[in-house]
Number of protein chains: 2
Amino acid sequence: MEIKRSDSQPTSEGPGDRFTGRVRIELLFEPTLPGRAQGQRVTFEPGARNHWHTHPAGQALIVTAGEGLVQTWGGPVERVHPGDVVYIAPKERHWHGATPDSSMTHIAIQEKIDGQVVHWVEGVDEAQHRSRTKRARQDAPP
Amino acid sequence: MEIKRSDSQPTSEGPGDRFTGRVRIELLFEPTLPGRAQGQRVTFEPGARNHWHTHPAGQALIVTAGEGLVQTWGGPVERVHPGDVVYIAPKERHWHGATPDSSMTHIAIQEKIDGQVVHWVEGVDEAQHRSRTKRARQDAPP
């Protein structure tokens, strides 16, 4: 058994070739074989998000703070809030991040298959992000 | 993609042959193959805990509220608090729950292998729980 005490772990910055804006990543747990699941706490500053990507075994996101956005390829941008849980299926192309005006923190859980936990596709550009956010706002209930 | 909105899910009661005291379980996500990881939010009322058990692929516990206890077979009782992350190795015998005086909520993540996510061993009896808690208190820093 290993216990990582609250706020005792270093965080790393989300690399610019996979994220847009400032993103802090804290590794929460790594698997021991035959386990495959790993967990991170990820904080996206306002406007920050990751690039389009897929996970070979899917991903669960548990939102813990702020307001965020998530979108799958061809689908609407969805707004998420603390307590919401997003499940993304294996190989489903998606991105997630903060809104332009609020940071967002989530716990992310995904599994390593054949040494790979994620496949990166392409970035979500500024115009896409803003126009999608605007649509999400218009679609959102008052 | 599926989004479960905060507090929109029903909870179930932890069954008496696997838990002592009142325990509420909320399923957060279930895997889609080849994914194996599942997640629950579990709230133990004061004095509640689960029986000794193991997980074939290990388990991660992310404490989100209250004060709890966790112990592996032969090890000391450890106190845990919000933000603490406990990683239990595959097949490591352990139990977790609330302290006698405080509830505890954690997110639990474990993986299904050959259809099995947990193997239950035996209960943690009242005297064990209280004496362990007392020792944990004595061992704890002021």
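Scroll up to find the structure.
Rules used throughout
Within each chain, residue numbers correspond to sequence positions counted from 1 in written order. Following the order in which they are written, the chains are lettered starting with A and the ligands numbered starting with 1. Per-residue local features are limited, in this predicted model, to residues with pLDDT of at least 70; the limit for side-chain atom pairs, both in listing and counting, is 80 or more; totals at the level of whole chains, interfaces and linings are taken over all residues. With hydrogens and water excluded, all non-hydrogen atoms of the structure serve as input to the side-chain values. We count a stretch as a helix when DSSP gives it H or I for four or more residues in a row; a strand needs E for two or more, and each element gets its number in order from the N terminus. For every residue, the accessible area (1.4 Å probe, protein chains only) is compared with the maximum for its type, and the residue is labelled buried under 20%, exposed over 50%, or partly exposed between those bounds. Here the open area of atoms and residues is found with the Shrake-Rupley method and a 1.4 Å probe, where only the protein chains shown may cover a residue. For two strands to be treated as a pair, DSSP must find no fewer than two bridges joining them. Pairs of N or O atoms within 3.5 Å make up the polar contacts considered here, provided that, within protein, one atom can donate a hydrogen while the other can accept it, and that residues adjacent in sequence are counted only when both atoms are side-chain atoms.

### Focus on the overall build of chain A
(1) Moving on: A tally of helices and strands in chain A yields 1 helix and 14 strands.
(2) Moving on: Counting over 142 residues, chain A shows a buried share of 51%.
(3) Moving on: Carbon and sulfur atoms make up 49% of the accessible area of chain A, which amounts to about 6,500 Å² in all.

### Brief notes about the sheet that holds strand β8 (residues 59-66) of chain A
(1) Moving on: As summarised here, the arrangement of the 7 strands in space is β2(A)-β4(A)-β5(A)-β13(A)-β8(A)-β11(A)-β1(B), forming an open sheet in which the pairing is antiparallel. At either end of the open sheet lies a strand with only one pairing partner, and these are β2 (12-13) of chain A together with β1 (2-4) of chain B.
(2) Moving on: Where β2(A) and strand β4 (residues 23-29) of chain A come together, 2 bridges link them in antiparallel fashion. For S12(A), the partnering residue across the bridge sits in β4(A) and is I25(A).

### Observations regarding the side chain of R79(A)
Residue and element names in this part refer to chain A.
(1) Moving on: Structurally, the position occupied by R79 is in strand β10 (residues 78-80).
(2) Moving on: For R79, a relative accessible area of 13% puts it in the buried group.
(3) Moving on: Of note is the side chain of R79, whose polar atom sits 3.2 Å from the side chain of E67.

### Focus: the sheet that holds strand β4 (residues 23-29) of chain B
(1) Moving on: Sheet architecture is open: 7 strands sit in the order β1(A)-β11(B)-β8(B)-β13(B)-β5(B)-β4(B)-β2(B), paired in antiparallel fashion. In this open sheet, the two strands that pair with only one neighbour each are β1 (2-4) of chain A together with β2 (12-13) of chain B.
(2) Moving on: Examined bridge by bridge, strand β8 (residues 59-66) of chain B and strand β11 (residues 85-88) of chain B share 4 bridges and lie antiparallel to one another. Within β11(B), the position partnered with Q59(B) by the bridge is I88(B).

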